Every structure is written in C-alpha cells, then in structure tokens.
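Next come the chains, spelled out residue by residue.
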Amino acid sequence: MRRPWPHRDTLRLLFAFAQERKGKAPTGLDPRDLDASFIGKFLDHPEEIRSASVRTRNLRLTAINDTFAADLFTARREAPSFATVSCDDAHPVFRRSRRWGAPYNINAYAIDSSTFDFMRFPEYRLPPFPRERTMPTTTAAVSRFFSEFQLKDAPTDVRHEAKRILLDTLGCLVGGRACEIAPTSDKLALLLGQRLASGGSTLIGQGSTTLMPAVYGNARIANALDFDETFPVGVHFGVAAVAAALAMAEERGASGDDVLRAVIVGYELGARIATYIGPMTEVVDGQVKGFSKVWGVAAPVVLAAMGAAAAVARLDEHQFAQAIGLAVSNSPLPAGALWSNAVDLPNCKYCDAGWCAVAGVFAVLSVEAGSTGFTDALDGPYGLARMCGVENFDEGSLTTGLGKNWLISNVTYKPWPTCRFTHYPLTSLARILRRESIAPSEIEEVVIETGPMAASPRFTKPLPRTFASRSFSYPHMVAMLVRDVAAGPKWLDAESVTDPDTLSIAEKVRVVAHERGNDFARTMEANQIRTMPGGVLVRTVRGEFRDEDDFALGDPWTEHSRLSDADLTEKFLGMSGSGAADLVDRILNIEREPSAHALMRRLNECLESTRANAA
C-alpha cells in the first residue's frame, strides 16, 4: 500500500485549511463540510499563495482519494462520502485531462475523535494556514529588482567597484592562460561549441568562438590561479559574472554600458545568494571548529552568471524568476566536504567555475527557448539555502536593503594566488619582510599562526603534489613570498615547487594555531566574515620578528588593508604585460565602449603579444 510523505502533508494542510475556513477543529468536522466545492478551493489555494504546480495539485488530490479509500482510520463504511469530485467539479486542469474521465470519488467512513489522534503529535502540527500574501515572494522580489535595475540606479561607488572587479578578473584570466590546466580547459570549452573566423564571443587565448566555449573557458581560467576576488563568505563568483556578461554582450552586439550593468547585476545577485547561504563554517558556542559537514560554493557562481546573462538578455521579471529556478535546479551538488578533507587537490577545485558559468547562462537561454523553472526556488524552508545543507538561514538577507545596501562593496581582492584564508598570516609576513629587509639566507624558522579554516594537512604540506594544492600549502607560499617571486602564475609552476631555493625555505615553515584564530564568528556581520586573526613569527640570525593582523591585505574595511586602483592596475599589468596599459583606462571607463567585442579582441591581442615576447 502506497503511503508516501505527500499523503501525510496533504492531510496536515487539509485539516489546517478546514480549521481556517470553517472555524472548526479537525475533531469537530462533519463529513459534509468537505464537499466538492471545498475540496476544489483547497486544491486551488496553495497555487494561489505558494505558486504550487499542477503536479503537486494532482498529488494532493490523489493523496485525498488514497487516504479515504483505504482503511487508514480504522473506521466503518457506513458514513456518507465526504465528497464526490467529478470531471465537472474538479479543477480545470483535471477537466482537460483524460485521466479524470470518470467521476472521482473520495470515499469516507464513520469518524470519531480518535480519527484525528495523530494531530496531537508535534510532527503533524501546522501553523495556521497562511492567508493570501500581501507581499511578493522572495524570488519575485529579487527578480523584480534585478530585472528592472538600470545603470543610473547604481551609486557611483558601486559602478566603480564593478569596474575594479572587471579589471581584476580580466588580469586573472590573462595570467591563468600561462598555467598548466589551460590546455585542458580549452579542450573542454571547444566541446561546447566551435571556433569562428570572426564575430561571436572571444575565448581568450583561442580567439573567436560561439557563446558557450567563451563562457566556460574564460570563467574557468580566470579562477585557475586562485587569484580572483573573494566575497567574504569564502566564495569566488566574480569570474562567472564577468565571463557571462562579456560573452553574452559580444554575442549580442551589446556595448560596454550593457557589460557594466550585467556585471553589477551578476555580482550583486551572487553576493545576495552567498550571504543567504553563509560561510562554510561549523560554529559551536561562538567558536569556529572548522568546515561544515555539508557545504558547497557552486550555487552563487551559477546565479552570478545567470544574473549577468539575464541582464544582457533583458529578461523581464517573470522570465528572471524562471531563470533563477532553472539555475538552482541545474547547480552542481554541494561537494565542499570532499574538498575540505582532501590533501592532493583536483584541478576542478571545489567546483568547476566554467561549468557553473555555463549552467547560469544556459538557464537564461532555456527561458528564452520556452523552458520554465521553479519560481519559488529562494522561498521558504525548502529553498536554495536548505538544499545547500544550511539549517538556519535568513531568507530576508536576499531582499533587505536591495538598491540601498550594495553587497558588492564588500568584495575582497587577492594580492597573492593562494586561498584567501591564508592571506592573514601572509599579510603579516609581507609586512615583516618589507620592514626588516630579511634575506632568505637569514631565516632559521617561520612560524605561521592561523585559524581552523586553514590548518588541515593540505595547508601544512611543504611539497604540494598537484596544481591546485600549490595555492594551499603554507610552506610553499611562504617560500614564494620570501624569495620575492612575482605574484602570479609562477607561484603555481611545477618547477617552482621543486626548486632547491624554494624547498630550503619551505622546510623551515611550521604551522600552529593562533590564540584567537577560532574567534572570528564573533565579528561576523550580516552572515559575512570580517576578521580572521592570523600572524607570523620569523626567527632569523638577527633575532625574532612577530606580526599579526585581524584583516588581510585586500579587505575593504580598513584603510591599511584596502587595495587601491593603482594596486589593482599593477596586478593587472603584472599578468597582462605593459603592452596592455591602454586597456586599464578602457576597462575603468567601460561605459564609453561602443562594443564589448572590440575590448575582448584587444585583450586577446595583448595575450598574444606577451606570448611572443616570452618566446
């Protein structure tokens, strides 16, 4: 006998609805209260207030029939039926369906107070059935804001931050082309489309292609070095917003103005999603113990790409909501626990940023082609955050302050191509090296003081064995910093790991717990990380030097940690070459660009020039 959970939930909803509309407790209901008209209203009600689908309406009617047609309540077959729902009585959807060609009888039985004994148990109780909504759903509110957003609505500082994200991401993209996984990324990208003689979108390093190769390849390679921005929950999604915005704008002949709007929409949507899901931390009594048991970072990446693509495509409010639903449905599983427990890390990382960007763009193209998605994917206790393993979340963070409190202002930038959680001790080390002018030969020991998010074996291994692991090994990154190796792809070269000068320093690095390292949950704001105390002790032949900081270089919340436009320009040119100097002004004034395609073509020329000079 079928007894799926929908049967239980349908009864809970039915009796609560009856109590709301009839003013009677379940034990006081008369079978005649549940007539055909009433059952029809019950079936309609969730659709009206919860955007429930036809499929769930069918399940509710089936559950009602199954329940009262079976001997579920230890009752007699002597009472009149609750209701007889025929084709003419049923909802129009049922009248259209041949499945309901015959009268649909809901049989009932004699009922006494014991019939509803199960309502005494907490797991079967429902709050009062919600009345018709007077406010839009969360998904609808988010969709309305972002679909109606115009560039003039964004404050000057928001527009400028979006340009800084664009500059930083494109620098990471060009720098990433020199890393060992670029050929792999190109092969995968071209599985999704083909090269073009001209036009289309630009896959940096390969030239003109159809849309999806450019989205995939540019997003994955911009993230490859772990040098791209980080939103303060420990997630990168700027690469997806930028790759989607530029590829869509190229493909559709859009301008720089359109790109800037798309980057703002994509990044702000990704930031809202990331804040709603929150950081991947396990907190007990105010102390951070480490990573959550279930977590993932893919969803904000997918939604950032979806938002940027939707902005270029000019989806309306309804289409935007459909695209959110499709993007959520197509997001990769939260695989973070595999990542946080691994030592030799795979080059697809915690999620393939290219694939996530493709999923987001595909959601928009799917809506344009006629596909539909869940329009309540961000709503209620079963929304996206719960799918990502979050038990306690604030749905209001998706909509609070929309258009007034811009989360894009909280973006952090990376001065080194390593995990952002390592930048707190590295900030202190860089300060000591600059202040004391310590030569590598003078160092006897480097003691890294870190928190629980950056203390697992992957962070302590002096000889990282895989490409991705090089961004997480404290001994390796300390050696790169001490040796004054230019931050960029050289930090992740295989040769750099086994270089004798690197190994001689790496072997002197020890990692310990910072005394305040697990306290940073106390300083979190709006579900975002603000501080992560870290420090370093450097023992040399000249003495000991110690430094610590609660902020990392690249954080926007203090003057001493914020990276200026000049800092980001230096980072961009360090990876793109001095020949790309003209691009800095064009990117920081992108709203003046008549064509996104011309900008990307020039960036590709700079990469080819850098390659030629290197050869």
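Keep in mind it's a predicted model, so treat the numbers as computed, not measured.

Asks: Provide a residue-level description of the packing of helix H21 (residues 565-576) against helix H22 (residues 581-588), including the pertinent values.
Replies: Following both chains from N to C, one finds H21 and H22 inclined at 135°, their axes separated by 10 Å at the closest point. When the axes of H21 and H22 are compared, the pair comes out oblique. Relative to H22, H21 is oriented so that their crossing is right-handed. Facing H21, whose interface residues are Thr 569, Phe 572 and Leu 573, H22 presents Ala 581, Leu 583, Val 584 and Ile 587.

Asks: Describe the confidence of the model for the protein, naming the residues involved and giving the relevant values.
Replies: Of the residues in the protein, 85% reach a pLDDT of 70 or more, and the chain-wide mean stands at 87. Between residues 1-5, whose pLDDT stays under 50, and residues either more than four places distant or in other chains, the model counts seven contacts. Scored below 50 in pLDDT, residues 69-135 shows 119 contacts in the model against residues more than four places distant or in partner chains.

Asks: An account of the nonpolar core is needed here, citing residue identities and associated values.
Replies: In terms of nonpolar packing, the biggest core is built from 167 residues, with Leu 170 and Met 306 touching the most fellow members. Per element, the largest residue contribution to this core is 14 residues, and it comes from helix H11 (residues 298-313). Sequence-distant contacts of Met 306, defined by excluding residues within four places in its chain, comprise Leu 269, Phe 320, Ala 323, Ile 324, Ala 327, Gly 360, Ala 363 and Val 364. Core analysis: the next-biggest nonpolar cluster, separate from the first, contains 14 residues, Leu 29, Phe 42, Leu 43 and Leu 61 among them.

Asks: Would you mind going over the environment of Asp 519 in detail, with residue names and values included?
Replies: Position of Asp 519 among the secondary structure elements: in the loop between strand S8 (509-513) and strand S9 (534-540). Separated by 236 residues in sequence, Asp 519 and Val 283 place their C-alpha atoms 9.6 Å apart.

Asks: So, unusual backbone geometry: which residues are in play, and what are the values?
Replies: Within the chain, Lys 349 stands out as a residue other than glycine whose phi angle is a positive 65°. Residue position: Lys 349 is located in the loop between helix H13 (336-341) and helix H14 (353-369). The class of Lys 349 is buried, set by a relative accessible area of 8%.

Asks: Hey, could you go over the packing of aromatic side chains for me, with residue numbers and the actual values?
Replies: A ring pair, where both rings are aromatic, is described by two values, the distance of the centres and the angle of the planes. Under the defined criterion, the tally for this structure stands at 16 aromatic pairs. Seen in terms of ring centroids, Phe 231 and Phe 237 are 5.7 Å apart; in terms of plane orientation they differ by 45°. Their pairing is tilted. Judged on exposure class, the residue Phe 231 and its partner Phe 237 are both buried. Relative to Trp 295, the ring of Phe 291 has its centre 5.3 Å away and its plane inclined at 20°; by these criteria the two rings are stacked. The aromatic ring of Trp 339 is capped on one face by Arg 458, whose charged end is 5.0 Å from the ring centroid. When the ring centre of Phe 472 is taken as reference, the NZ or CZ atom of Arg 458 above it lies at 5.3 Å.

Asks: Lay out helix H6 (residues 156-176) with the relevant residues and their values.
Replies: In this model, H6 (21 residues) spans 30 Å end to end at C-alpha, consistent with the 30 Å of a helix rising 1.5 Å per residue. Most of H6 sits out of view: 17 of its 21 residues are buried.

Asks: Describe a nonpolar patch on the surface, with residues and values.
Replies: Together, Leu 188, Leu 191, Leu 192 and Trp 355 line one region of the surface with nonpolar side chains, adding up to about 400 Å² of accessible area. When you line up the elements, Leu 188 lands in helix H7 (residues 182-190).

Cut-offs and rules
- Note that residues are indexed from 1 along each chain, following the sequence as it is written.
- Only residues with pLDDT of at least 70 are given local features in this predicted model, and only at 80 or more are side-chain atom pairs given and counted; all residues enter the totals for whole chains, interfaces and linings.
- The basis for every side-chain value is the complete set of non-hydrogen atoms in the structure, without hydrogens or water.
- Here an axis means a line fitted to C-alpha atoms, over the contact stretch when the element is a helix, while the angle between two N-to-C directions is reported on a 0 to 180 degree scale.
- For helices the rule is a DSSP run of H or I covering at least 4 residues; for strands it is a run of E covering at least 2, with both sets numbered from the N terminus onward.
- Any angle between 65 and 115 degrees counts as roughly perpendicular, while under 35 counts as roughly parallel, over 145 as roughly antiparallel, and the rest as oblique.
- Definitions for this section: a left-handed crossing has its near helix turned counterclockwise from the far helix by less than a right angle. A right-handed crossing has that turn clockwise.
- In this description, contact between two residues means that some pair of their heavy atoms is separated by no more than 4.5 Å.
- The score called pLDDT rates the predictor's confidence residue by residue, from a low of 0 to a high of 100.
- Definition of nonpolar core: a set of buried residues of the types Ala, Val, Leu, Ile, Met, Phe, Trp, Tyr and Cys, connected through side-chain atoms within 4.5 Å.
- Exposure is judged per residue with a 1.4 Å probe applied to protein chains only, and the accessible area is read against the type maximum: over 50% gives exposed, under 20% gives buried, and values in between give partly exposed.
- Under the pairing criterion, centres of Phe, Tyr and Trp rings, with the six-membered ring standing for Trp, must be within 6.5 Å; the plane angle then separates stacked pairs below 30 degrees from edge-to-face pairs above 60, leaving the rest tilted.
- Placement of a positive charge over a ring is assigned whenever Lys NZ or Arg CZ falls within 6 Å of the ring centre and within 35 degrees of the normal to the ring plane.
- The span you would expect from a helix comes to 1.5 Å times its residue count less one.
- Here, patches come from residues exposed beyond 30% relative accessible area and free of salt bridges, joined within 9 Å for like charges and within 5 Å for nonpolar side chains (Val, Leu, Ile, Met, Phe, Trp, Tyr).
- Method for areas: the Shrake-Rupley scheme with a 1.4 Å probe, in which residue coverage is limited to the protein chains shown.
- Salt bridge, as applied in this entry: a Lys or Arg side-chain nitrogen positioned within 4 Å of an Asp or Glu carboxyl oxygen.

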